[in-house]
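# Survey of secondary and tertiary structure
Here is what each chain is made of, one letter per residue.
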Amino acid sequence: MASAEPLRDSRSTLPPGAPAAAVEASGPVALHVRLGTAALVLLPAALTVYLSFHAGGFFPATPALVALLLGQVLLVRTLTAEHPVAGSTRALAVATTALALYAAWGLASALWSDALGRALVEFDRVLMYLLVLLLFGSMRWTAAQARWMVRAFAAGLVVVCAAALISRVLPDVLHTSPDFAKDRLSYPLTYWNALGFLAALAVLLCASLTSDEREAPVIRVLAAAALPVAATTLYFTLSRGGIAACLLGLVVLVAVTRPRGLLTGALAVAGPMAVALVSAYHADLLVSSDPTAAAAVVQGHHVALVVGLAALAAGAIRLLLCPLDTRLARATLPAPSRRAGAGLAAGAVAVLVVAGIAAGLPGTVAQGYRDFVGHDAVGEGENVRGRLTDPGNAGRVNHWRVALRAMEDAPVTGSGLGTFEIEWARRRPETGSVVNAHSLYLETLGELGLVGGLLLGVALATMLLAFARRTRGPDRRLYGTLLAAAVAWAFHAGVDWDWQMPATTLWLFAFGGVVLSARAAGEPVRFGDRWRLPAAAGWLALLVTPLLVLTSQSRVHAAVDHFGAGDCPAATKDALSSIRWLNVR
């Protein structure tokens, strides 16, 4: 297992091409720099876990708090690091500039939407993503550090999945407040589709780790043991989008990384994972309107036992198969020529196309599309599990149409950042309130028009291309895994509101900064001392809006708590204090 490279003094006599990710400090501060780098390696995992247990980061106070934290880290780095922008590249500049302009355009949209309060809340969310991208892009990362970041992130996802699963199968151990959709697992994010996507990411990353013969045996074993837990969590969310994103990500993962340990990894986890999923499927009371009834608890205990044994079995089998990984790694197959490879790929595609036409696939796809567009309701009746095969759109088509109509009215500017809820109230074809359009891309076009859509598209496309470019090098499996996860996110964000749930999205910008930053070798970008104080002042200025939103929102929470306790004078005082801090809300 590779380990992080030691940090060295950039002012020492280093040969040309020496690792520059490790040249930020020397002497008595070297240890502090190493500890700081280690903390940043763990940061995506830590923030994802924190956001997950705070409603996914949906409510205004949480993104504001995280933005304040990130801004302070960048402030300290700007003032103290020898090379605070060592990782700067043109691609990073393109992505950060596009995202910064997107944030500024969204804030400026309050001029024509008359909804400054909504724009401020959404601006803070975008600012948080921008600060994460800048922080991780400002450093130079070795592949070893990036691998540890992926491992830690996978571990964080498994922690969230395990807590979610325990809350469903062992409610007497981890009791949670009832949510508005008891038949679908949503704790701790409070939204089942968001939890489903996090579980899908956990499956992707663990599948990659357990199939990579270069990983240490302990990593491969732990990843295999985690897969039944993550897969069962994904099932209990009944999230069709999460399952589809998981399958898409797995296809990209296998196609791009082509791991030698795929066979042994699949042999180890396929059986135990299937047993766990079958046990979960037959526990029908756990996906009912009362999953904590006495009979449901009995089923839950059985599922907990089966999943626990499945995890142990998967880990044990993977341990036994680890020696086979070494033999598979040594096996060499003759590499086909580029022309032969292209011909083989073309032949495979032709066979698939012919087989699909013969099996009536075009007609099936056309009928599936008609069923999706024409059927709003999903999962009606007592068999909630039937929603997994239900082709209905769950009302999303209506949401998307409203977003497109908002763009048609103002194609350049849109209706204003954070105003989809208002547009839905104006144009809705059905009763019920909807806050988000269940599609990042269409909601952006509706709220910020073509300008906002173009800026966001440039930022995201730049990161996705960077993931893809990194797969060409010797670390194909590392960056291929991240590419698969990013593709899964890009798909899922198009059919749900992952953007508004930072627990599902923050990691993308952290790893995006890693792949957009300069490689470890080479001379770091210099940063003149005369720019440190102006840059620090800029960071402080950016933190004004998160501070206002966080303080205002905390006063609102205090007012609600006091009102619930019957203390009206204190509730009034806190409510007025919230208004004084940010009266535009």
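Our structure is the block above this text.
Predicted model, so just to flag it, every value in this text is computed and none were measured. (Residues numbered from 1 in each chain as written. Predicted model: local features only at pLDDT ≥ 70, side-chain atom pairs only at ≥ 80, totals over all residues. Heavy atoms only, no water.)

### Things to note about the overall build of the protein
- For the protein, the helix and strand inventory stands at 21 helices and zero strands.
- Going through the 585 residues of the protein one by one, you find that 52% of them count as buried.
- The long-range share in the protein, meaning contacts at least 24 apart out of those at least 6 apart in sequence, stands at 77%.
- Here the protein has roughly 25800 Å² of accessible surface; of this, 68% comes from carbon and sulfur atoms. (Helix = DSSP H or I, 4+ residues; strand = E, 2+ residues; numbered from the N terminus. Buried < 20%, exposed > 50% of the residue type's maximum accessible area, 1.4 Å probe, protein only. Contact = heavy atoms within 4.5 Å. Areas by Shrake-Rupley, 256 points an atom, 1.4 Å probe, with all protein chains shown as cover.)

### A closer look at a nonpolar patch on the surface
- Residues Val-94, Leu-454 and Val-458 make up a contiguous nonpolar surface patch of about 240 Å² in total accessible area.
- Topologically, Val-94 is positioned in helix α3 (residues 90–108). (Patch = residues over 30% accessible without salt bridge, like charges linked within 9 Å, V, L, I, M, F, W, Y side chains within 5 Å. Salt bridge = Lys/Arg side-chain N within 4 Å of Asp/Glu carboxyl O.)

### A closer look at the side chain of Asp-212
- Considering the arrangement of structural elements, one finds Asp-212 in the loop between α7 (192–211) and α8 (217–237).
- Reaching out from Asp-212, the side chain makes a polar contact with the backbone nitrogen of Arg-214 at a distance of 3.0 Å.
- Apart from the residues within four sequence positions on either side, Asp-212 is in contact with Arg-220 and Arg-477. (Polar contact = N/O pair within 3.5 Å; in protein donor to acceptor, adjacent residues only side chain to side chain.)

### Details of the state of the cysteines
- Per the counting criterion, the structure on display carries zero disulfides.
- Looking at Cys-206, it has no disulfide partner, and the nearest cysteine sulfur is the one in Cys-161, 8.2 Å off. (Disulfide = S-S within 2.5 Å.)

### A closer look at the pattern of salt bridges
- Applying the stated criterion to the full structure yields 14 salt bridges.
- Overlapping salt bridges, with partners in common, bring together Asp-212, Glu-213, Arg-214 and Arg-477 in one network.

### Comments concerning the environment of Ser-109
- As for its position among the elements, Ser-109 is in the loop between α3 and α4 (110–113).
- By relative accessible area, Ser-109 is classed as buried at 0%.
- Ser-109 sits 309 residues away from Gly-418 along the chain, and the two C-alpha atoms are 9.5 Å apart.
- In this view, Ser-109 contacts Gly-416, Leu-417 and Leu-448; residues no more than four positions away in its chain are not counted.

### Concerning the packing of aromatic side chains
- Under the counting rule described, the total for this entry stands at 17 aromatic pairs.
- Pairing Tyr-191 with Trp-497 gives two aromatic rings, centres 4.3 Å apart and planes at 15°, and the pair type is stacked. Taken as a pair, Tyr-191 in the loop between α6 (143–169) and α7 and Trp-497 in the loop between α17 (476–493) and α18 (506–516) lie far apart in primary sequence, 306 residues in all. Accessibility assignment for this pair places Tyr-191 and Trp-497 in one class, buried.
- Ring pairing ties together the aromatic residues Phe-58, Phe-59, Tyr-191, Trp-192 and Trp-497, which thus form one cluster.
- The ring of Phe-58 has Arg-125 sitting right over it, with the charged end atom 6.0 Å from the ring centre. (Phe/Tyr/Trp six-rings, centres within 6.5 Å; stacked < 30°, edge-to-face > 60°. Lys NZ or Arg CZ within 6 Å of the ring centre and 35° of its normal.)

### Brief notes about the packing of α7 against helix α9 (residues 240–257)
- As a packed pair, α7 and α9 sit with axes 8 Å apart at the nearest point and diverge in direction by 20°. One way to sum up the angle between α7 and α9 is to call them roughly parallel. Crossing angle aside, the handedness with which α7 passes α9 is right-handed. Residue-level contacts link Gly-196, Phe-197, Ala-200, Val-203, Leu-204, Ala-207 and Ser-208 of α7 to Gly-242, Ala-245, Cys-246, Gly-249, Leu-250 and Leu-253 of α9.
- Its residues assigned to classes, the contact of α7 with α9 comprises nine nonpolar, four polar and no charged. (Axes fitted to C-alpha atoms, helices over the stretch in contact; angles between N-to-C directions. Parallel < 35°, antiparallel > 145°, perpendicular 65-115°, else oblique. Left-handed = near helix turned anticlockwise from the far one by under 90°. Nonpolar A, V, L, I, M, F, W, Y, C, P; charged D, E, K, R; others polar.)

### Points about the nonpolar core
- One finds Leu-99, Phe-236, Trp-489 and Trp-499 to be the most contacted residues of the largest nonpolar core, which totals 128 residues.
- With 15 residues, α7 is the largest single contributor of residues to this core.
- Excluding residues within four positions of it along the chain, Trp-499 makes contact with Leu-99, Tyr-102, Arg-125, Val-126, Tyr-129, Leu-440, Leu-456, Trp-489, Thr-505 and Phe-509.
- Core analysis: the second largest hydrophobic core is formed by nine residues, Trp-400, Trp-424, Val-434 and Leu-442 among them. (Core = buried A, V, L, I, M, F, W, Y, C linked by side-chain atoms within 4.5 Å.)

### Remarks on α3
- Taking 1.5 Å per residue, 19 residues should reach 27 Å; α3 reaches 26 Å between its end C-alpha atoms and fits that length.
- Listed as buried for α3 are Leu-92, Ala-95, Thr-96, Ala-98, Leu-99, Tyr-102, Ala-103 and Gly-106. All buried residues of α3 project into a common sector of 155° when viewed along the axis, lining one side.
- Considering only its buried residues, α3 is in contact with α4, α5 (116–137), α16 (440–470) and α18. (Expected span 1.5 Å × (residues − 1). Arc of directions from axis to C-beta.)

### So, unusual backbone geometry
- For the peptide bond that leads from Tyr-187 to Pro-188, omega is 5°, which places it in the cis range.
- Within the element layout of this structure, Pro-188 appears in the loop between α6 and α7.
- The residue Asp-114 is not glycine, and still its phi comes out positive at about 55°.
- You can call Asp-114 exposed: its relative accessible area is 70%.
- Phi at His-438 is positive, roughly 60°, even though this residue is not glycine.
- Checked against the element boundaries, His-438 lands in the loop between α15 (420–427) and α16.
- Taking the relative accessible area as the measure of exposure, His-438 reaches 13% and is therefore buried.

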